[in-house]
Amino acid sequence: MDQLPLPLEGITVVAVEQAVAAPFATRQLADLGARVIKVERIDGGDFARGYDTAARGLASHFVWCNRGKESVALDLKDPRGLDVVRRLVADADVFVQNLAQGAAARLGLDAATLCAAHPRLVAVDISGYGAGGPYADKRAYDMLVQCEAGLVSVTGTPEQPVKAGIPAADIAAGMYAFSGVLAALVRRGATGRGGPVEVSMLEALAEWMGHPLHHALHGGTAPERTGLAHAVIAPYDAYPTADGGRVLLSVQNDREWRRLAEQVLGRPELGADPAFATNAARVAHRARTDALVGQALGGLDADEAVRRLEAAGIACARLRDVHELAGHPQLAARERWREVGSPVGPLRALLPPVTLPGGEEPRMGDVPALGEHTGAVLRAVGMTDDEIAALRRDGVAA
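Just so you know, these numbers come straight off a predicted model, no measurement behind them.

A. Focus on the overall build of the protein. Summing up its helical and strand segments, the protein has 17 helices and eleven strands in all. By its C-alpha atoms, the protein is 85 × 45 × 45 Å across when sized along the principal axes. Looking at the 398 residues of the protein, the share that counts as buried comes to 46%. Partitioning the intrachain contacts of the protein with sequence separation of at least 6 by distance along the chain shows that 66% fall at a separation of at least 24. Accessible surface for the protein amounts to roughly 19800 Å². Of this, 55% is attributable to carbon and sulfur atoms. When the 41 basic and 49 acidic side-chain charges of the protein are each reduced to a single mean position, those positions are 1 Å apart.

See below:
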């Protein structure tokens, strides 16, 4: 049977984007077959290009979020550069921007303006806090939004709140922009009209805060910060093993506790002990519960601890670092790693987590150099080589 094409084959996306939220959204679109034209500043491009040099001289954020795109470097403050973007948008299916609040509107590149001129266009505005309200003009970087959304208040230890180790607000906004584009394209297929899509980092992350938010709204208290432990389940924590590793286990019900007590702790009487027999009791006596589990696992190496827990039907995991994730046996067994091209040669990258069996594999294109595709894209919108040379000479294109 013939393979199905990638679902976004034939869709063209124009993105005036920077940092993580919008680039992460449009990279998902590129992976699924869309042509993504990334418009960057001529003086250094997307500022995420300069975050670090960890990926063999390239910025790790940029490599992660920008494979499979065509880079066009333009000065949008010059009317000629802005005219190129308008020409590109006229033939596009999707436009995405996450410029500073108000900047897109000043350029006429906000979703409302573009959709009024191009009814079939799906246009996405990604912002920190939304277009209205007292925070509309407030600077919004990932860690700031993590604080405003309360994520930091429920992450960390009882003594110290901490931010998430990944840009959670950016990722949340990017994923809702991605799904919003897909929904709008489905609607366009039925109605013939695209329309604006609005996503704010605060509102995206507030949605992800649903459990602690509802816990506080309806229960009266916010969940406590408990490090790697679970706030309302015990035992549910990471415990040191004899070889210096750490193994996290989760007991979800009292039947599992009885199996853990008998088969791993070697203390079957604890299954019926009133101090431990129910989850409520174990949480009330969390320190004693953790001490019992820690003593048992502390005498085993990590491999043996995992083997015994799995034999007892107890959910468990190793506490891995990032290098161990890169060598994870499950990712290797499922052949999730590929190589993508870049200005510094091939780089390892993971396949997108959405798998579409029976279809073409996601298109994991090259990470572009700044302005790598400027000439080709400008020719495609009807500009002559002399016109392109003039734009380069005047610093409007690079």
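What follows continues from the structure just given.
B. Seen up close, unusual backbone geometry. The residue after Ala234, namely Pro235, is reached through a cis peptide bond having omega -10°. Among the secondary structure elements, Pro235 is positioned in the loop between helix H9 (210-219) and strand S7 (236-240). Within the chain, Ala19 stands out as a residue other than glycine whose phi angle is a positive 65°. The residue Ala19 is located in the loop between strand S1 (12-16) and helix H1 (21-31) in this model. For Arg56, which is not a glycine, the phi torsion comes out positive at approximately 55°. You can see Arg56 is positioned in the loop between strand S2 (35-40) and helix H2 (60-65).

C. Broad picture of the sheet that holds strand S8 (residues 246-250). Spatially, the three strands line up as an open sheet ordered S7-S8-S9, and their pairing is antiparallel. Looking at the sheet topology across the chains shown, the edges are occupied by S7 and strand S9 (315-318). Each neighbouring strand pair of the sheet contributes to a mean axis angle of 25°, computed without reference to strand direction. When S8 meets S9, the two strands line up antiparallel, connected through four bridges. Bridged to Leu248 within S9 is Ala317. Packing against the sheet, helix H13 (residues 302-311) makes contact with S8 and S9, and its axis sits at approximately 165° to S9.

D. Region of interest: the sheet that holds strand S6 (residues 195-200). Strand order across the open sheet formed by six strands is S3-S2-S1-S4-S5-S6, with parallel pairing between neighbours. The open sheet has two free edges, formed respectively by strand S3 (69-73) and S6, since each of these has just one partner strand. The mean inter-strand angle of the sheet, taken between neighbouring strand axes irrespective of direction, is 20°.

E. Main features of the packing of H1 against helix H7 (residues 168-191). Remark: H1 packs on H7, axes separated minimally by 7 Å, with the N-to-C direction vectors making an angle of 40°. The pairing of H1 with H7 is recorded here as oblique in orientation. Every pair of crossing elements has a handedness; the one defined by H1 and H7 is right-handed. Note on element contacts: H7 touches H1 through Asp170, Ile171, Ala173, Gly174, Met175, Ala177, Phe178, Val181 and Leu182, opposite Ala21, Phe24, Ala25, Gln28 and Leu29. By residue class, the composition of the contact of H1 with H7 is eleven nonpolar, two polar and one charged.

F. A look at the environment of Met383. Tracing the chain through its elements places Met383 in the loop between helix H16 (374-380) and helix H17 (385-393). Note: C-alpha distance between Met383 and Val84 (299 residues apart in sequence) is 9.4 Å. Those residues within four positions of Met383 in sequence are excluded, and the remaining contacts are Val84, Arg87, Leu378, Ile388 and Leu391.

G. Focus on the pairing of strand S11 (residues 347-350). The two faces of S11 differ: Leu347 and Ala349 on one face are buried, but Arg348 and Leu350 on the other face are not. Connecting strand S10 (residues 337-340) to the next strand, S11, in antiparallel fashion are six residues, including Gly345 with a positive phi near 105°.

H. View of the side chain of Glu256. By the secondary structure assignment, Glu256 is in helix H10 (residues 254-263). Of the side chains with opposite charge, Arg259 lies nearest to the buried Glu256, which makes no salt bridge, at 4.3 Å. If near-sequence neighbours (up to four positions away) are discounted, Glu256 is found in contact with Ser250, Val251, Gly313 and Ile314.

I. Quick peek at the pairing of strand S4 (residues 94-97). Alternating positions in S4 separate into two faces, Val94 and Val96 on one and Phe95 and Gln97 on the other, with burial throughout. As paired elements, S4 and strand S5 (residues 122-127) share four bridges and run parallel to each other. Looking at the pairing, Phe95 lines up with Ala123 of S5.

J. Highlighting the nonpolar core. In terms of nonpolar packing, the biggest core is built from 37 residues, with Val13, Val94, Val96 and Ile126 touching the most fellow members. Elements that contribute at least two residues to this core include exactly S1, H1, S4, S5, H7, S6 and helix H8 (201-208). The dominant element in this core, judged by the number of residues it contributes, is H7, at nine residues. Excluding its chain neighbours within four sequence positions, the residues that come into contact with Val94 are Ile11, Thr12, Val13, Val14, Leu121, Val122, Val181 and Leu185. Counting residues in hydrophobic clusters, the runner-up holds 32 residues, among them Ile37, Phe95, Leu109 and Val381.

Cut-off values and rules
- Residues numbered from 1 in each chain as written.
- Predicted model: local features only at pLDDT ≥ 70, side-chain atom pairs only at ≥ 80, totals over all residues.
- Heavy atoms only, no water.
- Helix = DSSP H or I, 4+ residues; strand = E, 2+ residues; numbered from the N terminus.
- Buried < 20%, exposed > 50% of the residue type's maximum accessible area, 1.4 Å probe, protein only.
- Contact = heavy atoms within 4.5 Å.
- Areas by Shrake-Rupley, 256 points an atom, 1.4 Å probe, with all protein chains shown as cover.
- Lys, Arg positive; Asp, Glu negative; His and termini not counted.
- Charge placed at Lys NZ, Arg CZ, Asp CG, Glu CD.
- Pairing = 2+ DSSP bridges.
- Axes fitted to C-alpha atoms, helices over the stretch in contact; angles between N-to-C directions.
- Parallel < 35°, antiparallel > 145°, perpendicular 65-115°, else oblique.
- Left-handed = near helix turned anticlockwise from the far one by under 90°.
- Nonpolar A, V, L, I, M, F, W, Y, C, P; charged D, E, K, R; others polar.
- Salt bridge = Lys/Arg side-chain N within 4 Å of Asp/Glu carboxyl O.
- Core = buried A, V, L, I, M, F, W, Y, C linked by side-chain atoms within 4.5 Å.

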